[in-house]
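For reference, the chains in residue letters:
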Amino acid sequence: MDAGAVSFPRAKTRQIMVGDVPVGGGAPISVQSMTITKTADVDGTLEQIYSLAAAGADIVRCTCNEPEAAEGLARIVPRSPVPIVADIHHQYRRALEALEAGVHCLRLNPGNIRKPEHIKAVAKEAKDRNVPIRIGVNGGSLDPAMYDKYDGQVTPEAMVESALQEIGYFAEVDFDLIKISVKASNVPLMIEAYRQLSEVTEHPLHLGVTEAGPPPAGIVKATAGIATLLAEGIGDTIRYSLTADPIEEARMGRVLLESYGLRERKNVDLIACPSCGRAEIDVYKVAEEAQTAFADRQLPLQVAVMGCVVNGPGEARGADLGIAAGNKRGHLFIQGTNVAVVAEDEMVSTLVEWAEFIHTEGMDAALARAESTRAGARKAADEDRRRNLNELGEDANASEQVVELLRKSR
Ligand code: SF4
């Protein structure tokens, strides 16, 4: 099946503009992250914003928690490569200052700014400036009145009602440039809250599992929540909230969208075999080296690292380019065809060099380049394949022995 033909239907939402990035209304799903610098540290924050943008963030949020932060925003916004969202918690005055500083969006937590008149004052100012606001309902800081109403329980219904109440305040001042999040650290709670919210509003939704924690568990939790909803067509913009370098957040968001075919690939999609008894190299180590070498290189190719030449080129036949380990050497293959043999310690650098060649010159040129080495490469790969099979046999993982044991134990 052509994977490119598979797509998820998207829930219908309205579109708002966060700076020049459209959110909702069928716009490409955007990736967000947040700086962890003091916003008053203008150069440090800008450096992080640039790194986040390079890693895949379309929109970046900065805290606006003190007057100096608002001043920082006034200096940051004009120099930022991506739209900036100001994160406001307890003081609505910071929201007004952030608007004055020129931010492209505000994020308000209704659990923290409770006075309707303050929310309305911010909404009025935002409306005059045509700046959208994210209503950030958070399972961990729900409006106390809502807790009481739901017997002290954080339920999807309580989160959705809190969001709707907030939308109501904004509606009173005729403000509808809204996106909404109903994040929770509990994945099933978060999924259900977004599902229910999607049923009752057409405002665009910002997805996230809050306080997902450090990787790798944090990445799994965030992906479980965000990916489930995206597959159901829910969500217009996403953020991974990890206890890690925010660059990782932006990268994970980008990778998720790329793997879902929801974002055009800009970087290498590195695939690697899981290794097994037939492996001729330390697959984990070489894959990690390749990951570091490709990191944020803008090469929209699928590259494979395979532990053996017996099955590697076949298993990774769909990759644009790959390398399979042989007898202390690597067998380079392009679209499943062996094209060159390289020393073991040159496997990763060779992959990078050929990936760049394919990217700039094209696949046909790469195949033409390999014309003179192709026959020899195939012969060498056959030699190593036979040697591996002779030494390790057909069943290098002793799978059949295990099957036999299982059968005997019945
Ligand atoms: S058979 Fe080869 S390519 Fe497949 S998992 Fe084992 S080492 Fe990797």
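So, how was this worked out
- Residues numbered from 1 in each chain as written.
- Predicted model: local features only at pLDDT ≥ 70, side-chain atom pairs only at ≥ 80, totals over all residues.
- Helix = DSSP H or I, 4+ residues; strand = E, 2+ residues; numbered from the N terminus.
- Buried ≥ 20, exposed ≤ 12 C-beta atoms within 10 Å, placed from the backbone.
- Contact = placed C-beta atoms within 7 Å.
- Near = placed C-beta within 6 Å.
- Nonpolar A, V, L, I, M, F, W, Y, C, P; charged D, E, K, R; others polar.
- Domains from an automatic or database assignment.
- Pairing = 2+ DSSP bridges.
- Axes fitted to C-alpha atoms, helices over the stretch in contact; angles between N-to-C directions.
- Core = buried A, V, L, I, M, F, W, Y, C linked by C-beta atoms within 7 Å.
- Parallel < 35°, antiparallel > 145°, perpendicular 65-115°, else oblique.
- Left-handed = near helix turned anticlockwise from the far one by under 90°.
- Right-handed = clockwise from strand over helix to strand, strands pointing away.

Considerations on the overall build of the protein
Part 1 of the reasoning: When helices and strands are counted, the protein shows 15 helices and 15 strands.
Part 2 of the reasoning: Viewed in the frame of its principal axes, the protein has a C-alpha envelope of about 80 × 60 × 35 Å.
Part 3 of the reasoning: For the protein, the proportion of its 410 residues judged to be buried stands at 46%.
Part 4 of the reasoning: Once local pairs closer than 6 in sequence are excluded, the contacts in the protein between residues at least 24 apart make up 66%.

Section: the site of the ligand
Part 1 of the reasoning: Close to the ligand lie 13 residues; Cys-273, Cys-276, Ala-279, Gly-307 and Cys-308 are nearest.
Part 2 of the reasoning: Looking at the shell around the ligand residue by residue, the classes come out as 7 nonpolar, 4 polar and 2 charged.

Quick look at the environment of Leu-367
Part 1 of the reasoning: The topology assignment puts Leu-367 in helix 13 (residues 363-369).
Part 2 of the reasoning: Separated by 33 residues in sequence, Leu-367 and Ile-334 place their C-alpha atoms 7.6 Å apart.

Observations concerning the domain arrangement of the protein
Interface size, as often reported, equals the accessible area lost upon joining of the parts.
Part 1 of the reasoning: Here the protein is partitioned into domain 1 (9-259) and domain 2 (269-392).
Part 2 of the reasoning: Taking only C-alpha atoms, the centre of domain 1 and the centre of domain 2 are 42 Å apart.

Looking at the sheet that holds strand 6 (residues 105-108)
Part 1 of the reasoning: Strand order across the open sheet formed by 8 strands is 8-7-6-5-4-3-10-9, with parallel pairing between neighbours. Each end of this open sheet is capped by a strand with a single partner; those strands are strand 8 (178-183) and strand 9 (206-207).
Part 2 of the reasoning: Where strand 3 (residues 30-34) meets strand 4 (residues 59-63), 3 bridges bridge the pair, whose relative direction is parallel. When the sheet's bridge partners are listed, Gln-32 is paired in strand 4 with Ile-59.

Looking at unusual backbone geometry
Part 1 of the reasoning: In this chain, Pro-215 is followed by Pro-216 through a cis amide linkage whose omega measures 0°.
Part 2 of the reasoning: Within the secondary structure, Pro-216 sits in the loop between strand 9 and helix 8 (217-231).
Part 3 of the reasoning: Although it is not a glycine, Asn-130 sits at a positive phi angle of roughly 60°.
Part 4 of the reasoning: Checked against the element boundaries, Asn-130 lands in the loop between helix 4 (116-129) and strand 7 (133-138).
Part 5 of the reasoning: Positive phi values are uncommon outside glycine, yet Asp-151 reaches one of about 55°.
Part 6 of the reasoning: Counting through the fold element by element, Asp-151 comes out in the loop between helix 5 (144-149) and helix 6 (156-172).

A look at the sheet that holds strand 11 (residues 269-272)
Part 1 of the reasoning: Strand order across the open sheet formed by 5 strands is 11-12-13-14-15, with mixed pairing between neighbours. At either end of the open sheet lies a strand with only one pairing partner, and these are strand 11 and strand 15 (337-343). The sheet shows a mean angle of 20° between the axes of neighbouring strands, taken without regard to direction.
Part 2 of the reasoning: By the bridge criterion, 6 bridges tie strand 14 (residues 329-334) to strand 15 in an arrangement that is antiparallel. Within strand 15, the residue paired with Gly-330 across the bridge is Val-342.
Part 3 of the reasoning: Here helix 12 (residues 347-361) sits on the sheet in contact with strand 12 (302-306), strand 13 (321-325), strand 14 and strand 15, set at roughly 160° to strand 13.
Part 4 of the reasoning: The strands touched by helix 14 (residues 371-392) within the sheet are strand 14 and strand 15, with strand 15 carrying the most contacts at an inclination of about 75°.

A short note on the nonpolar core
Part 1 of the reasoning: Counting residues in hydrophobic clusters, the biggest one holds 77 residues, and the most contacted among them are Leu-73, Ala-86, Ala-98, Val-103, Leu-106 and Tyr-194.
Part 2 of the reasoning: Sequence-distant contacts of Tyr-194, defined by excluding residues within four places in its chain, comprise Val-182, Leu-205, Leu-207, Leu-229 and Ile-234.
Part 3 of the reasoning: Among the nonpolar cores identified, the runner-up in size contains 39 residues, and Leu-299, Val-310, Phe-333 and Ala-355 belong to it.

Re the environment of Glu-117
Part 1 of the reasoning: Positionally, Glu-117 belongs in helix 4.
Part 2 of the reasoning: On the neighbour-count criterion, Glu-117 (9 C-beta atoms within 10 Å) is exposed.
Part 3 of the reasoning: Taking the C-alpha atoms as reference points, Glu-117 and Ser-162, separated by 45 residues in sequence, lie 16 Å from one another.

Brief notes about the packing of helix 1 (residues 42-55) against helix 9 (residues 246-259)
Part 1 of the reasoning: The interhelical angle for the contact between helix 1 and helix 9, taken along N-to-C directions, is 25°, at an axis separation of 8 Å. With respect to each other, helix 1 and helix 9 are oriented roughly parallel. In this structure, the crossing between helix 1 and helix 9 has a hand that is right-handed. Side by side, helix 1 and helix 9 meet where Gln-48, Ser-51, Leu-52 and Ala-55 of the first sit next to Pro-246, Ile-247, Ala-250, Arg-251 and Arg-254 of the second.

Some words on the pairing of strand 3
Part 1 of the reasoning: Across the 5 residues that make up strand 3, a large majority, 5, are buried.
Part 2 of the reasoning: Burial of strand 3 is two-sided: the residues Ser-30, Gln-32 and Met-34 facing one way and the residues Val-31 and Ser-33 facing the other way are all buried.
Part 3 of the reasoning: Here 3 bridges tie strand 3 to strand 10 (residues 237-239), and the two strands are oriented parallel to one another. Bridge pairing links Val-31 to Ile-238 in strand 10.
Part 4 of the reasoning: Between strand 3 and its parallel partner strand 4, the chain crosses via helix 1, and the hand of that crossover is right-handed.

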